[in-house]
Amino acid sequence: MDLAYIPSPSTGVINLGPIPLRGYAFCIIIGVFVAVWYGNKRWIARGGTAGTVADIAVWAVPFGLVGGRLYHVITDYQLYFSEGENWVDAFKIWEGGLGIWGAIALGAVGAWIGCRRRGIPLPAYADAIAPGIAFAQAIGRWGNWFNQELYGRPTDLPWALKITESANREAGLYHPTFLYESLWCVGVGFLVIWADRRFKLGHGRAFALYVAAYCTGRGWIEYMRVDEAHHVLGLRLNVWTAIVVFLLAVVYIVVSSRVRPGREEIVEPKSQKTADKPDEDGEAAPDDASEEDAADGDEPTADAAEDATPEDAGKKEHDADNGAGSAAKS
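For clarity, every value in this text was computed on a predicted model and none was experimentally measured. (Residues numbered from 1 in each chain as written. Predicted model: local features only at pLDDT ≥ 70, side-chain atom pairs only at ≥ 80, totals over all residues. Heavy atoms only, no water.)

## Some remarks on the overall build of the chain
The secondary structure content of the chain amounts to 13 helices and 6 strands. The long-range share in the chain, meaning contacts at least 24 apart out of those at least 6 apart in sequence, stands at 71%. Per element, the accessible surface of the chain, about 19,700 Å² overall, is 63% carbon and sulfur. (Helix = DSSP H or I, 4+ residues; strand = E, 2+ residues; numbered from the N terminus. Contact = heavy atoms within 4.5 Å. Areas by Shrake-Rupley, 256 points an atom, 1.4 Å probe, with all protein chains shown as cover.)

## Brief notes about the layout of surface pockets
For the second largest pocket, the calculated volume is near 220 Å³. If you trace the second largest pocket, you find it lined by Tyr-38, Arg-42, Ala-45, Arg-46, Asp-196, Arg-197, Lys-200 and Arg-263. Elements with a contribution of two residues or more to the lining of the second largest pocket: helix H1 (23–45) and helix H7 (177–199). Examining the composition of the lining of the second largest pocket, we find that 3 residues originate from one element, H1, more than from any other. Counted by class, the lining of the second largest pocket contains 2 nonpolar, no polar and 6 charged residues. (1 Å grid on protein atoms, 1.4 Å probe; cavity = no way out; pocket = protein on both sides within 12 Å on 5 of 7 lines; lining within 4 Å. Points joined across faces, edges and corners; volume = space filled by probe spheres on them. Nonpolar A, V, L, I, M, F, W, Y, C, P; charged D, E, K, R; others polar.)

## Quick look at the packing of helix H4 (residues 100–118) against helix H5 (residues 122–140)
Interaxial distance between H4 and H5 falls to 12 Å at its minimum, and their mutual angle equals 145°. Like other packed secondary-structure pairs, H4 and H5 cross with a definite hand, here right-handed. Contact with H4, carried on its side by Ile-100, Ile-104, Ala-108, Ala-111, Trp-112 and Cys-115, involves Leu-122, Tyr-125, Ile-133 and Gln-137 of H5 and no other residues of that element. (Axes fitted to C-alpha atoms, helices over the stretch in contact; angles between N-to-C directions. Left-handed = near helix turned anticlockwise from the far one by under 90°.)

## As for the confidence of the model for the chain
Summarising the model, the chain shows a mean pLDDT of 83, and 81% of its residues fall at 70 or more. Within the model, the stretch residues 279–311 combines pLDDT values under 50 with 3 contacts to residues more than four positions away or in other chains. A low-confidence stretch, residues 313–318 stays under pLDDT 50, and its non-local contacts, those more than four residues away or across chains, total 0 contacts. (pLDDT = per-residue confidence, 0-100.)

## Description of the pattern of salt bridges
Overall, the coordinates contain 12 salt bridges when judged by the stated rule. A salt bridge links Glu-268 to Arg-118, with the shortest nitrogen-to-oxygen separation between them at 3.4 Å. Of the two residues, Glu-268 sits in the loop between helix H9 (237–259) and helix H10 (272–275) while Arg-118 sits in helix H4, which places them 150 residues apart along the sequence. With a relative accessible area of 3%, Glu-268 lands in the buried category. The class of Arg-118 is partly exposed, set by a relative accessible area of 29%. For Arg-218, the salt bridge is made with Glu-181, and the minimal N-O distance between the two is 3.9 Å. Of the two residues, Arg-218 sits in helix H8 (residues 205–224) while Glu-181 sits in helix H7, which places them 37 residues apart along the sequence. What makes Arg-218 buried here is its relative accessible area of 4%. (Salt bridge = Lys/Arg side-chain N within 4 Å of Asp/Glu carboxyl O. Buried < 20%, exposed > 50% of the residue type's maximum accessible area, 1.4 Å probe, protein only.)

## Comments concerning the side chain of Arg-225
Note that Arg-225 resides in the loop between H8 and strand S5 (231–232). A polar contact of 3.1 Å, which involves the side chain of Arg-225, links it to the side chain of Asp-227. Aside from chain neighbours lying at most four places away, what touches Arg-225 is Arg-141, Leu-150, Tyr-151, Gly-152, Thr-177, Arg-218 and Arg-236. (Polar contact = N/O pair within 3.5 Å; in protein donor to acceptor, adjacent residues only side chain to side chain.)

Structure, rendered in structure tokens:
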């Protein structure tokens, strides 16, 4: 008798009248919202303006969804294009199936387009949103729980995941790999936040750290999964992908730290914070109006001369005579 386990939901969709609310899609939407919200906070702290992260996300999110789906369909083509399968199912994204590798790769293309339109360096933007992406993945993984998919090997641990029987799965207790990856992503997000504060990461290195840390966890979690996957030299394809991407991220961190050390001082040239940024002496740079006033000194303007009354003119003349007399006595 099993005394403890994590139950799976009986259904992955809740019908609100004629509108179906799917758990998988709901988790993805909440994850995107968290990534944009927290990325905006980090962007403002770096000197950017509010709303920029959301504006660029308008490009990055659709590209990321398309890229994630393409990676899944290409690497698991047999699920859609084999004999007896319906290729139309490849478009049913709400039933699950997003590859994070494709989502990040094509999402970066969308972010690059958005950054180009705003005149913003992509590496600085990537550093700002890196922890938010990790937290978004942590939330999005719960979509696999709603769909009862991507679980691990059978286990009798107290936190085992109970899977119900269906046409594509066998009932039993399995490792909740969705939960392992969710917790790992939370840890990755906090790791990037700490390292960014401690070492002042810049020029894309915070994002590269997120990539490397995620790949480390994804490698051993992927190894535990039992869902159908292609194998290369005895390892699952996603394990090899994690290894290659991890190495690329580490190389980028090392090379970038030598070529472009430090952190960008200006991330958004048009931001108000950049205009008000203190100079090297710690004093705010005067604007054009104050510089003109300083150059003009106390010289009255034409409007002031026209508004002067006869009494004011007499008073000024009297003061001038007194000043001249005092100078003569001294």
